[in-house]
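Okay, here's what each chain looks like letter by letter:
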Amino acid sequence: MLTPIKVLRLSVFAALATMALKIGAWAVTDSVAYLSDAVESLVNLLAAGFAILMVSWAQQPADEGHPFGHGKAEYFSAAFEGGMIVCAALAILLTAAERFLNPVELGALELGTVLSILASAVNLVVARLLFTVGKANGSPALLADSKHLLTDVWTTAGVVLGLGLAWLTGMSWLDPLLAVLVAMNILYAGFRLLTHAMSALMDAALPGQQRAGLESALNRLLYEEGRYGECRLLNLRTRSAGQESHAELELLVPGDWTVRQGHALADQLALVASKMGVRLVVHVEPL
């Protein structure tokens, strides 16, 4: 069974392989578009390595300094990857600008294209694995890595098609133009990763569907079974922390209930939430 750490290690090896293939494509063609593609693979490698560190840290149990665990560490990985993508995009833009001023004739596009397609196929397979395992484990680091690799796949496809057009038409200026388009594409992806990571670090609520499912399950226990009379649930608040989900709410019970009765009902609500992967804190209040 693939765990988040195992699939991230696979991502590191895939990044090394694709980077070697794309550097080979750049070396034989001298295409700045293929160079930009290779730079993005370097970002993949750095991001996967950093993600391994952050996911390992996130899985550490709660301690005295972090009594609620280390789950948010994964968002640092997503933010790091977004920042690296932005830096790579700026470097590609500078390189493309120089090539606009000093155009060169492209080399063996056939071989370069084959190498790039092979690299893209590797990225596509690894991206699907990252997405599947990331979705199953609720890992923002893996999901961010999968989105970046899929962006890389589409980038390579665009570069290959564009350079094929340049080869057919002899318009060498298409090469730096493609590099600019690649840079703008990954710049957009980088900003999306950064904004998502920053939002999550600010205690973003659980996704709407997950929150609605939790609320429905809690209401079903309290209201549909008809055993708890006037009891009410108020002020459900949720937040995500990496692979962990947290929630808290107020449970209003009749004033003549004993502490034991209120506590027993609170435990049942927490159990329902735990079955949905949510750690629920219940504050018991009198009606």
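In what follows, the structure referred to is the one given above.
This is a predicted model, so every value here is computed, not measured.

Peer 1: Go over the overall build of the protein chain with me, naming the residues and quoting the values.
Peer 2: Each helix and strand in the protein chain was counted, giving 8 helices and 3 strands. Starting at the N terminus and walking to the C terminus, you meet the elements of the protein chain as α-α-α-α-α-α-α-β-β-α-β. On C-alpha atoms alone, the protein chain measures out to a radius of gyration of 25 Å, which is more than a quarter above the 19 Å that the 2.2 N^0.38 rule sets for 287 residues. Overall, the protein chain is about 85 × 30 × 30 Å in size when its C-alpha atoms are taken along their principal axes. Per-residue burial for the protein chain yields a buried fraction of 46% across its 287 residues. Partitioning the contacts of the protein chain with sequence separation of at least 6, the portion at a separation of at least 24 is 75%. Total accessible area on the protein chain is roughly 14,500 Å²; 66% of this is exposed by carbon and sulfur atoms.

Peer 1: So, the pattern of salt bridges: which residues are in play, and what are the values?
Peer 2: Counted by the stated rule, this structure contains 2 salt bridges. The salt bridge involving arginine 211 is made with glutamate 215; its shortest N-O contact spans 3.0 Å. With arginine 211 and glutamate 215 both in helix H7 (residues 208–224) and 4 residues apart, this pair spans about one turn of that helix. A residue is classified by how much of its surface remains accessible, and arginine 211, at 26% relative accessible area, is partly exposed. The class for glutamate 215 is partly exposed, based on a relative accessible area of 33%.

Peer 1: So what's going on with the side chain of serine 120? Residues and values would help.
Peer 2: Note that serine 120 resides in helix H4 (residues 109–137). When residues no more than four places from it in sequence are discounted, the contact partners of serine 120 are Val153 and Thr156.

Peer 1: Help me get a handle on the pairing of strand S3 (residues 278–286), residues and values and all.
Peer 2: A regular strand carries its side chains on alternate faces of the sheet. Bridge analysis of strand S2 (residues 244–253) against S3 gives 9 bridges, and the strand direction is parallel. The residue of S3 that forms the bridge with glutamate 248 is valine 281.

Peer 1: Please provide a residue-by-residue account of H7, values included.
Peer 2: Between the first and last C-alpha of H7 there are 22 Å, a value that for 17 residues agrees with the 24 Å anticipated at 1.5 Å per step. Residues of H7 that are buried include every one of Leu214, Ala217, Leu218, Leu221 and Leu222, and no others. Along H7, the residues classed as buried sweep out an arc of 125° about the axis, all on the same side. Within H7, the exposed residues directed more than 90 degrees away from the buried face are Gly208, Gln209 and Glu224.

Thresholds, definitions, all that
Residues numbered from 1 in each chain as written. Predicted model: local features only at pLDDT ≥ 70, side-chain atom pairs only at ≥ 80, totals over all residues. Heavy atoms only, no water. Helix = DSSP H or I, 4+ residues; strand = E, 2+ residues; numbered from the N terminus. Rg over C-alpha atoms; globule rule 2.2 N^0.38 Å. Buried < 20%, exposed > 50% of the residue type's maximum accessible area, 1.4 Å probe, protein only. Contact = heavy atoms within 4.5 Å. Areas by Shrake-Rupley, 256 points an atom, 1.4 Å probe, with all protein chains shown as cover. Salt bridge = Lys/Arg side-chain N within 4 Å of Asp/Glu carboxyl O. Pairing = 2+ DSSP bridges. Expected span 1.5 Å × (residues − 1). Arc of directions from axis to C-beta.

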